[in-house]
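Chain by chain, the residues:
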Amino acid sequence: MLKVGHANDGSPVVLTDKERARHIHVLGAIGTGKSKLLEGMIRQDIAIGRGLCLIDPHGTLVDGIEAWCTASGFGRIRRATPPMSPASTRCGWRPERSYPSV
């Protein structure tokens, strides 16, 4: 089980391994704690020996995880930075823009 927070009454909120085997979507406005939730989940996974792949387009979450792993004595941390230019990483569809009809 993975602890993800606390309910209003103070009881822990957890996800079972079966629940986590399915897709998890973390949605919320800027500054609501999405990255902190993911960081806590990742730390728990690492602490019990689970491997993971973290794709972080901004790099701030992976920097924090890497620093925590180093400080906590976890080994075998691998970081891959693909050789991409900013232009090659752009999304082809941006919903905030209006596009002409085809």
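Before any of the text, the structure's been laid out above.
Quantities reported herein were computed from a predicted structural model and do not represent experimental measurements.

Conventions and cut-offs
- Residues numbered from 1 in each chain as written.
- Predicted model: local features only at pLDDT ≥ 70, side-chain atom pairs only at ≥ 80, totals over all residues.
- Heavy atoms only, no water.
- Helix = DSSP H or I, 4+ residues; strand = E, 2+ residues; numbered from the N terminus.
- Contact = heavy atoms within 4.5 Å.
- Axes fitted to C-alpha atoms, helices over the stretch in contact; angles between N-to-C directions.
- Left-handed = near helix turned anticlockwise from the far one by under 90°.
- Nonpolar A, V, L, I, M, F, W, Y, C, P; charged D, E, K, R; others polar.
- Core = buried A, V, L, I, M, F, W, Y, C linked by side-chain atoms within 4.5 Å.
- Buried < 20%, exposed > 50% of the residue type's maximum accessible area, 1.4 Å probe, protein only.

Peer 1: Before we move on, could you go through the side chain of Glu39 and cite the residues and values that matter?
Peer 2: With respect to the helices and strands, the residue Glu39 is situated in helix H2 (residues 34–47). Residues within four places of Glu39 in sequence aside, it is in contact with Leu61 and Ile65.

Peer 1: Can you tell me about the packing of H2 against helix H3 (residues 60–72), naming the residues and giving the values?
Peer 2: One can describe the packing of H2 onto H3 by two numbers: an axis separation of 11 Å at closest approach and a directional angle of 35°. In this structure, H2 meets H3 at a crossing whose hand is right-handed. Residues Ser35, Leu38, Glu39, Ile42, Arg43 and Ile46 of H2 lie in contact with H3, whose contacting residues are Leu61, Ile65, Trp68 and Cys69. Grouping the constituent residues of the contact of H2 with H3 by class yields 7 nonpolar, 1 polar and 2 charged.

Peer 1: Help me get a handle on the nonpolar core, residues and values and all.
Peer 2: Within the largest apolar cluster, 6 residues are counted, these being Ile42, Ile46, Leu61, Ile65, Trp68 and Cys69. Looking at this core, the elements that each hand over two or more residues are H2 and H3. In this view, Ile65 contacts Glu39, Ile42, Arg43, Ile46 and Leu54; residues no more than four positions away in its chain are not counted.

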